[in-house]
Amino acid sequence: MTTYRPPRMKFGIFLGPFHRVEENPTVAFDRDLELLEQLERFDFDEAWIGEHHTAGWEIIASPELFIVAAAQRTKKLRIGSGVLSLPYQHPLIVADRFVQLDHMTRGRAMLGIGPGGLSSDAVMMGIDPLDQRRMMNESLDVIMRLFRGEVVTTETDWFRLHEARLQISPYTHPHPPMAAAAAGSPAGAQAAGRHGIDMMSFGGLSDASGEALSRTWSWYEEAAGEAGHEVSRDQWRVGVPFHLADSREEAMDQARAGYERELVEYFSGTISSASQPDASTLEAGMEQGGVIIGTPDDAIAGIERLLQITGGFGEFLARAHEWGTWEQTVHSYELFSRYVIPHFRGQMESKRSSQEWVATTPDAKISRAAVEKAFDDAGITLPTPEEQAAARRR
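Residues numbered from 1 in each chain as written. Predicted model: local features only at pLDDT ≥ 70, side-chain atom pairs only at ≥ 80, totals over all residues. Heavy atoms only, no water.

Caption draft 1: A look at the layout of surface pockets. Of the volumes computed, that of the second largest pocket is approximately 150 Å³. Per-class residue counts for the lining of the second largest pocket are five nonpolar, two polar and two charged. (1 Å grid on protein atoms, 1.4 Å probe; cavity = no way out; pocket = protein on both sides within 12 Å on 5 of 7 lines; lining within 4 Å. Points joined across faces, edges and corners; volume = space filled by probe spheres on them. Nonpolar A, V, L, I, M, F, W, Y, C, P; charged D, E, K, R; others polar.)

Caption draft 2: Focus on the pairing of strand β10 (residues 236-239). Both faces of β10 are covered, namely the face carrying W236 and V238 and the face carrying R237 and G239. The parallel pair strand β9 (residues 198-202) and β10 is bridged by helix α7 (residues 207-227), and the resulting crossover is right-handed. Direction of pairing for β10 relative to strand β13 (residues 315-319): parallel, over a ladder of two bridges. Within the sheet, the bridge partner assigned to R237 lies in β13 and is E315. (Buried < 20%, exposed > 50% of the residue type's maximum accessible area, 1.4 Å probe, protein only. Helix = DSSP H or I, 4+ residues; strand = E, 2+ residues; numbered from the N terminus. Right-handed = clockwise from strand over helix to strand, strands pointing away. Pairing = 2+ DSSP bridges.)

Caption draft 3: The arrangement of the environment of I59 in detail. Tracing the backbone through its elements, the reader meets I59 in the loop between β2 (46-49) and α2 (63-73). Considering only alpha carbons, one finds I59 and R20, 39 residues apart in sequence, at a separation of 9.8 Å. Apart from residues no more than four positions distant in its own chain, I59 is found in contact with P17, H19, P25, A28 and F29. (Contact = heavy atoms within 4.5 Å.)

Caption draft 4: Main features of the environment of I67. Within the secondary structure layout, I67 lies in helix α2. Non-local contacts of I67, meaning those with residues more than four positions away in its chain, are made with I79, G80, S81, F98, L101 and A109.

Caption draft 5: View of the packing of α2 against helix α3 (residues 91-104). Running from amino to carboxyl end, α2 crosses α3 at an angle of 10°, the nearest separation of the two axes being 11 Å. With respect to α3, the axis of α2 lies roughly parallel. Across the interface between the two elements, E64, I67 and V68 from α2 touch R97, F98 and L101 from α3. Residue composition of the contact of α2 with α3, by class: four nonpolar, no polar and two charged. (Axes fitted to C-alpha atoms, helices over the stretch in contact; angles between N-to-C directions. Parallel < 35°, antiparallel > 145°, perpendicular 65-115°, else oblique.)

Caption draft 6: Representation of the pattern of salt bridges. All chains considered together, the criterion is met by 30 salt bridges. Salt-bridge contacts for E22 lead to R20; the nearest nitrogen and oxygen are separated by 3.4 Å. For R160, the salt bridge goes to E155, with nearest N and O atoms at 3.8 Å. Given the relative accessible area of 62%, R160 is considered exposed. (Salt bridge = Lys/Arg side-chain N within 4 Å of Asp/Glu carboxyl O.)

Caption draft 7: Region of the structure containing α3. Taking 1.5 Å of rise per residue, the 14 residues of α3 would be expected to cover 20 Å, and the 20 Å separating its terminal C-alpha atoms lies within 8% of that figure. Considered for burial, the residues of α3 that qualify are P91, V94, A95, F98, V99, L101 and D102. All buried residues of α3 lie within an arc of 160° about the axis, which places them on one face of the element. Residues of α3 that are buried in the fold lie against α2, β3 (78-81), β4 (84-85), β5 (109-114), α5 (132-147) and β7 (160-164). Just downstream of α3, R106 is the residue with a positive phi angle, here 55°. (Expected span 1.5 Å × (residues − 1). Arc of directions from axis to C-beta.)

Caption draft 8: Focus on the packing of α7 against helix α10 (residues 296-310). Direction vectors running N to C along α7 and α10 enclose 50°, while the axes themselves pass 8 Å from each other. Between α7 and α10, the angle falls in the class oblique. The chirality of how α7 crosses α10 is right-handed. Each of D207, G210, L213 and S214 in α7 lies in contact with α10, whose residues at this interface are R305, L306, I309 and T310. (Left-handed = near helix turned anticlockwise from the far one by under 90°.)

Caption draft 9: Summary view of unusual backbone geometry. Going from G16 to P17, the amide bond is cis rather than trans, its omega being -10°. Structurally, P17 is set in the loop between β1 (10-15) and α1 (25-41). For the bond from H173 to P174, the omega torsion is 0°, close enough to zero to count as cis. Mapped onto the elements, P174 comes out in the loop between β7 and β8 (178-181). In this model, R106 sits at a positive phi of 55°, which is unusual for a non-glycine residue. On the secondary structure map, R106 appears in the loop between α3 and β5.

Caption draft 10: Structural detail: α5. Its 16 residues place the ends of α5 22 Å apart at the C-alpha level, agreeing with the 22 Å of an ideal helix rising 1.5 Å per residue. Within α5, the full set of buried residues consists of Q132, M135, M136, S139, L140, V142, I143, M144, L146 and F147. After α5 finishes, the residue G149 shows a positive phi value of roughly 90°.

Here it is, written out as structure tokens:
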């Protein structure tokens, strides 16, 4: 398999968010906003905000409201719905609101779409979970037509439109940036390919995960080709959660309790009804390749591995979490920004080349003769090496 490497990889996070049931939601919302401010300082490109209505952990019900608040606190970070569950809202309202966000953020708002990640949300609304993917496609078809400026009259078993149209055109041509979640089933990948929009997927570093992600890309590429769209791997966001520290042992100690609590209490104990491989300990999760825990070098190796097993992608999308303290979490992102992001943006080659040239080129080094001449020209006695060393210590 030929591996695609983008000339400038992008980096973002998927913010579910994941907060313990016992936490104060008011404080948690504010911390989520503060995290996005930090990520902008750390030169991340994007953040995707989830929509959920049940289960008590992923507590943001309206990505649009969060995007508005975050846009006021940032300047360049692109912020999207990650994802907006299309079966839960009328497609005209979705299109109308995101065109407004497109204008209010000057093109920084992104529309991420999906069928809805929690069956409990659908059950609570009286929606059959088996209908969610069909409903997503029906809604997406209408949204794309509205974005193109069409007048839409159509009817399904759950919405109607009569000569519907947008009253303002998108700020971004031809429409706000869009991506579909593609995880597990072919539905998301096929929907994204059919409309030529971007795709986001989550996986791991194992061979089995690589095979699953490669199938997802094949579904996307095939659907795009059938619809007459040209797509590239730059349109694919692929993610794995990470936690970094100054040493691998320190990272593991910081992340262990939070990781295991999240797996046991939420993913296994609350929302999962299927039998899954045991990853309830941090060591098991690392062994299975589901997480990157360690130093920036470990993160670089993990992303290189992910590029290899998938064939390549345009953006690394990390799943946000709170496995450590707030200070440890911020430090993890800071380490990622300082040492991992520049590696994949091609920003290190020039620095290394310049350093190596100076280190190996005698004429480029500081000349002692030039320093001695400067003292002589000034009529001042050159300090001895001991005097110079003492001056540096002071």
